Amino acid sequence: MIKTEQSMKDRNLPQLQPHPSSQPWPLQTHRAVEHVSEEIRMGLLLKILVPFVGLVLAFCFYSKEDFKPEMLKGKRVIVTGASTGIGEQMAYHLARMGAHVLITARTEAKLQKVVTWCLELGAASAHYMYGSMEDMALAEDVVKEAKQLWGGLDMLILNHIGYTYFNYFDGDVEHLRKLLEINFLSYVAMTVSALPVLKESGGSILVVSSTAGKVGIPFVAPYSATKFALDGFFSSLRQELIIENINVSITLCILGHIATETAEKTVSHVMQKPGAPKEECALEIIKSGALRKRELYYPYAAVRIPLLIRDWAPEFLDSFTRNRLNVENVKRS
Ligand SMILES: NC(=O)C1=CN([C@@H]2O[C@H](COP(=O)(O)OP(=O)(O)OC[C@H]3O[C@@H](n4cnc5c(N)ncnc54)[C@H](OP(=O)(O)O)[C@@H]3O)[C@@H](O)[C@H]2O)C=CC1
Ligand SMILES: C[C@H](CCC(=O)NCC(=O)O)[C@H]1CC[C@H]2[C@@H]3C(=O)C[C@@H]4C[C@H](O)CC[C@]4(C)[C@H]3CC[C@]12C
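Residues numbered from 1 in each chain as written. Chains lettered and ligands numbered in written order. Predicted model: local features only at pLDDT ≥ 70, side-chain atom pairs only at ≥ 80, totals over all residues. Heavy atoms only, no water.

### Here we look at the pattern of salt bridges
- Inspection of every chain in the model, using the stated rule, returns nine salt bridges.
- When the shortest N-O distance is used, the salt bridge between glutamate 134 and lysine 178 registers 4.0 Å. Of this pair, glutamate 134 sits in the loop between strand S3 (125-130) and helix H5 (136-150) while lysine 178 sits in helix H6 (residues 173-201), and the two are 44 residues apart along the sequence.
- Owing to a relative accessible area of 36%, glutamate 134 belongs among the partly exposed residues under this scheme.
- In this structure, lysine 214 engages glutamate 295 in a salt bridge whose closest nitrogen and oxygen atoms are separated by 2.7 Å. Of this pair, lysine 214 sits in the loop between strand S5 (204-210) and helix H7 (221-243) while glutamate 295 is found in strand S7 (residues 295-298), placing the two residues 81 residues apart along the sequence. We note that lysine 214, like glutamate 295, is buried.
- Here the salt bridges do not stand alone but share partners, grouping Lys214, Asp231, Arg294 and Glu295 into one network. (Salt bridge = Lys/Arg side-chain N within 4 Å of Asp/Glu carboxyl O. Helix = DSSP H or I, 4+ residues; strand = E, 2+ residues; numbered from the N terminus. Buried < 20%, exposed > 50% of the residue type's maximum accessible area, 1.4 Å probe, protein only.)

So, in structure tokens, the structure goes:
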């Protein structure tokens, strides 16, 4: 194209100027129109959505069954990824409620400290097994240990995750494969191993997931894939348990940004406010499992409202999500 313009000049011919109406709109005008129609759509959406959300919140508030800590007294509970973060706090809450806890992670020293503190807090018993959930045999051995210790199992809390970077997807398929093993396949392996004893006890499976397992959030593609996989697998399995009248509940816990050490280290430079408290998050997960809820959203508004918007205005939600992050602080590694 430049070459063409150059040849016209060489031949000293008058430069023909295209008619203004034939020129494409300048980018700015086009974007302004797009923005206005988006504004109108948003205005309509909010006039409908806000009352609807109010009704949803009212329903949830008034339909809330009462949770009692005694529900967990003497219950036999496995918590994975409990050496730190939300899992550690869940172990402490369960201990205070008088449950039997078996906790897992890779770092034995941290697990020993958590078990000691669980006994201090009143756990009926507290044990740990350490190792990486890349090893499916470990996933099965943990459930076998629970059967040997307690003769059964009442609650399986699947919580651990492998290392997660927060950056543009770098094309590393091997990292994704490994994360699928740790964050997804090991959850399936533990479930397969635990289902027979959970059927005997009429127990519960709690699957800890994320906003990033329900909507597209930038910079977490591999992690997000593993969380979406959890939704697909466990939502399908829940249907099969209902069809077969098997009294095992599955609660999918959809979490927003939680102030754990790892999360704050990973994303504090892009988040505009700190995460929600891990202690309260941990308690809400336990409550939702004890009440056999289908899904937990925590923090409620921060997670539930984007999910409502997701199906009505996906492009708006994408734009809203990007605007909530200081994306300029994410530099390709
Ligand atoms: N924090 C947040 O903002 C959010 C968290 N979530 C979810 O909550 C759950 C807990 O998150 P959070 O507490 O922040 O995570 P943390 O990073 O604080 O804890 C992760 C736990 O998993 C263990 N772990 C790590 N790698 C492995 C492995 N290969 N095999 C077995 N265990 C492993 C860690 O112990 P060790 O290193 O000793 O193995 C640790 O106990 C996760 O499922 C996460 O997806 C969801 C949304 C937001
Ligand atoms: C950035 C996401 C939150 C989007 C938002 O603004 N939601 C409103 C709100 O939550 O207040 C974060 C939601 C989920 C987080 C990620 C996650 O699921 C856990 C990982 C934990 C790991 O230890 C660190 C990074 C995480 C990928 C974490 C990053 C931030 C979120 C995507």
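### Examining the confidence of the model for the protein chain
- In the predicted model, the protein chain carries a mean pLDDT of 88, and the fraction of residues at 70 or more is 81%.
- Counting contacts from residues 1-16, a segment whose pLDDT is below 50, to residues more than four positions away or on other chains yields four contacts.
- Note that residues 18-25 has pLDDT below 50 and, in this model, three contacts with residues that lie over four places away or in other chains.
- ipTM for the predicted complex: 0.94, alongside a pTM of 0.85. (pLDDT = per-residue confidence, 0-100. Contact = heavy atoms within 4.5 Å.)

### Considerations on the nonpolar core
- Counting 42 residues, the largest nonpolar core has Ile78, Leu153, Met190, Ile205, Val207 and Phe234 as its most contacted members.
- The dominant element in this core, judged by the number of residues it contributes, is H6, at ten residues.
- Filtering out sequence-adjacent residues up to four positions away, isoleucine 205 remains in contact with Leu156, Leu158, Thr191, Leu195, Leu198, Phe234, Val248, Ser249, Ile250 and Thr251.
- If you look at the next biggest cluster of nonpolar residues, it comprises 37 residues, including Leu94, Ala126, Ala276 and Leu291. (Core = buried A, V, L, I, M, F, W, Y, C linked by side-chain atoms within 4.5 Å.)

### Structural notes on the site of ligand 1
- Taken together, 29 residues lie around ligand 1, and Ser83, Arg106, Thr107, Asn159 and Tyr223 are the ones closest in.
- Within the side chain of lysine 227, one N or O atom sits 3.0 Å away from an oxygen atom of ligand 1.
- Between ligand 1 and threonine 262, the relevant distance is 2.9 Å, taken from an oxygen atom to a side-chain nitrogen or oxygen of the residue.
- Across the complex, the protein chains shield 92% of the 890 Å² of accessible surface that ligand 1 would expose by itself.
- The set of elements that each furnish at least two residues to the shell around ligand 1 consists of helix H3 (85-96), S5, H7 and helix H8 (261-267).
- Tallying contributions element by element places S5 first for the shell around ligand 1, with three residues.
- When its residues are assigned to classes, the shell around ligand 1 shows eleven nonpolar, 16 polar and two charged. (Near = heavy atom within 4 Å. Polar contact = N/O pair within 3.5 Å; in protein donor to acceptor, adjacent residues only side chain to side chain. Areas by Shrake-Rupley, 256 points an atom, 1.4 Å probe, with all protein chains shown as cover. Nonpolar A, V, L, I, M, F, W, Y, C, P; charged D, E, K, R; others polar.)

### Focus: the pairing of strand S1 (residues 76-79)
- Along S1, one buried face is formed by Arg76 and Ile78 and the opposite face, lined by Val77 and Val79, is buried too.
- Here four bridges tie S1 to strand S2 (residues 100-105), and the two strands are oriented parallel to one another. Bridge pairing in S2 links isoleucine 78 to leucine 102.
- Tracing the backbone out of S1, into H3 and back to the parallel element S2 gives a crossover that is right-handed.
- In this structure, S1 lies alongside strand S4 (residues 155-158), joined through three bridges in parallel fashion. Following the sheet pairing, isoleucine 78 is matched in S4 by leucine 156. (Pairing = 2+ DSSP bridges. Right-handed = clockwise from strand over helix to strand, strands pointing away.)

### Brief notes about helix H10 (residues 300-312)
- The end-to-end C-alpha distance of H10 is 19 Å, a good match for the 18 Å that 13 residues give at a rise of 1.5 Å each.
- Every buried residue of H10 is accounted for by Val303, Arg304, Pro306, Leu307, Leu308 and Ile309. (Expected span 1.5 Å × (residues − 1).)

### Description of helix H4 (residues 108-121)
- With 14 residues, H4 extends 20 Å from end C-alpha to end C-alpha; this agrees with the ideal 20 Å at 1.5 Å per step.
- All of the buried residues in H4 are Leu111, Val114, Val115 and Cys118. The buried residues of H4 all sit within an arc of 100° when viewed along its axis, so they share a single face. Away from its buried face, by an angle of more than 90 degrees, H4 presents the exposed residues Lys113 and Glu120. (Arc of directions from axis to C-beta.)

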